[in-house]
Amino acid sequence: MTHSPVIQEVPCAAIKIGDRHRRDMGELEVLAASIATEGMIQPIGITEENLLVFGERRLRACRDVLKQETIQARVVKVRSITAGEYAENEIRKDFTPSERVAIAKTLEAEIGGRQGTRTDLEPRRNCGDVQGRTVDVAAQKAGFGSAETYERAKSVVDRGSPELVQAMDTGEVSIHAASVIATQPADRQAEIVQTPRELRRQIVREIRDAMDLPTTSEARRMARESGTLVADNTGRYRSGASAEERAATKADLDAIWDVTRGVLAIAASKLDPAELAARLEYWHCPDIRSKTTVALDWLTSFQKGLDQNAQIP
């Protein structure tokens, strides 16, 4: 037996929001204007106890901006779902991905909510034929193909911008692609969503490739073990050198560059050879010599040439 979700007018004041993960409500005034002109395209979801399951932005837009006293709501019968009386494919058809995430979260609490219980191992009693890990069962009964897909959709709901969540719900962006985009800052997410589809796919591939690279610390460890440079997820190549070694290397390179610039300046100088030879004595500093052997060899050879030229009558 299956149960159709009941839609009814519910007083806004009677709906309990509870502790929600979502903090960025986006532009509620824009949503409210859309509801005022187009109506409520999709009702919010509540339990039989009037606890909000999904549609917080819609509720706040109607209650706080439009000052409506009631709102259309679907009554999501969580216990019927856990008892297997509502088919998973019906949930998949009737609800958007973000709504199914909210349902799955509610199911997780219903299935494994006993205090002190390992919710990843034991199902809650009196929940029909529920068996297996809580997250797997919740994902299945909320209409997701796997727990992995559920976790990806959940990451979009928890971290995604309103534009990204809407794109996932309408099918404009797949759950997998949306979960990749959700790793970016909110303003960047909105920008990616608005790009043409082919370009968006390329951007998602680039973000995913970067995500597959090791972190900076992992890249340094791999570089130490392999003796080669390793790219990290910031796109930079890392060595296995310690912080002190990297600082010393940078000092060496800075000194080499300073001396090299001196070489270039001397080569372009219009001073006579004798004066150039005298000025080159300045570079024979033990500290610089110890750090810039190669560059000083260039200078020494150059000075010898100048000395020979100076001896010509």
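Just so you know, the residues in each chain are numbered from 1, in the order the chain's sequence is written. Where local features are concerned, this predicted model is filtered to residues with pLDDT of at least 70; where side-chain atom pairs are given and counted, the filter is 80 or more; whole-chain, interface and lining totals use all residues. Values reported for side chains reflect all heavy atoms of the structure, with hydrogen atoms and water molecules removed beforehand.

1. Considerations on the side chain of Glu99
Its place among the elements puts Glu99 in helix α5 (residues 97-112). Within 3.5 Å is the distance limit for a polar contact, defined as a pair of N or O atoms, with the added protein rule that one can donate a hydrogen and the other accept it, and that residues adjacent in sequence qualify only through two side-chain atoms. Separated by 3.0 Å, the side chains of Glu99 and Gln42 make a polar contact. Ignoring any residue separated from it by four or fewer positions in sequence, one finds Glu99 in contact with Gln42, Pro43, Phe54 and Arg58. A helix here means a DSSP run of H or I that spans at least four residues, while a strand means a run of E at least two residues long, and both kinds are numbered starting from the N terminus. Residue contacts are defined here by distance: any two heavy atoms, one from each residue, within 4.5 Å place the two residues in contact.

2. Points about the confidence of the model for the protein
Every residue gets a pLDDT, meaning the predictor's confidence in that residue, from 0 to 100. Residues of the protein with pLDDT of at least 70 account for 73%, and the chain-wide mean is 77. Considering each helix and strand of the protein separately, the mean pLDDT is smallest for helix α15 (residues 286-291), with a value of 49, and largest for helix α9 (residues 175-181), with 93. Segment residues 113-131: pLDDT under 50, and 33 contacts once partners within four positions in sequence are set aside and those in other chains are kept. Note that residues 288-292 has pLDDT below 50 and, in this model, 11 contacts with residues that lie over four places away or in other chains.

3. Some thoughts on the nonpolar core
Working definition of a nonpolar core: buried Ala, Val, Leu, Ile, Met, Phe, Trp, Tyr and Cys residues. They are joined through side-chain atoms within 4.5 Å. Between buried and exposed lies partly exposed: a residue is buried under 20% and exposed over 50% of the maximum accessible area for its type, with that area taken using a 1.4 Å probe on protein chains only. Of all hydrophobic cores here, the largest spans 41 residues; its most connected members are Ile103, Leu107 and Phe144. Top contributing element to this core by residue count: α5, with six residues. Excluding residues within four positions of it along the chain, Ile103 makes contact with Val53, Phe54, Val76, Ile81, Ile91, Phe95 and Ala142. Ranked by size, the runner-up nonpolar core spans 17 residues in total, among them Cys12, Ile35, Leu52 and Ala61.

4. So, the side chain of Ser179
As for its placement among the helices and strands, Ser179 is situated in helix α9. A residue is classified by how much of its surface remains accessible, and Ser179, at 10% relative accessible area, is buried. For Ser179, the side chain forms a polar contact with the main-chain oxygen of His176, separated by 2.6 Å. Aside from chain neighbours lying at most four places away, what touches Ser179 is Arg152, Ser155, Val156 and Arg159.

5. A look at the layout of surface pockets
Site definitions follow a grid-based scheme: protein atoms alone, a 1 Å grid, a 1.4 Å probe that fits but cannot get out for cavities, and for pockets an open set with protein on both sides within 12 Å along at least five of seven lines, plus lining residues having an atom within 4 Å of a point. Grid points are joined across faces, edges and corners, and a volume is the space filled by probe spheres set on the points. In this structure, the second largest pocket encloses a volume near 150 Å³. Every residue lining the second largest pocket is listed: Glu172, Val173, Ser174, Ala177, Arg197, Arg200, Arg201, Val204, Arg205 and Arg208. Classifying every residue of the lining of the second largest pocket gives three nonpolar, one polar and six charged. Asp, Glu, Lys and Arg are counted as charged, while Ala, Val, Leu, Ile, Met, Phe, Trp, Tyr, Cys and Pro are counted as nonpolar; the rest, among them Gly, fall into the polar class.

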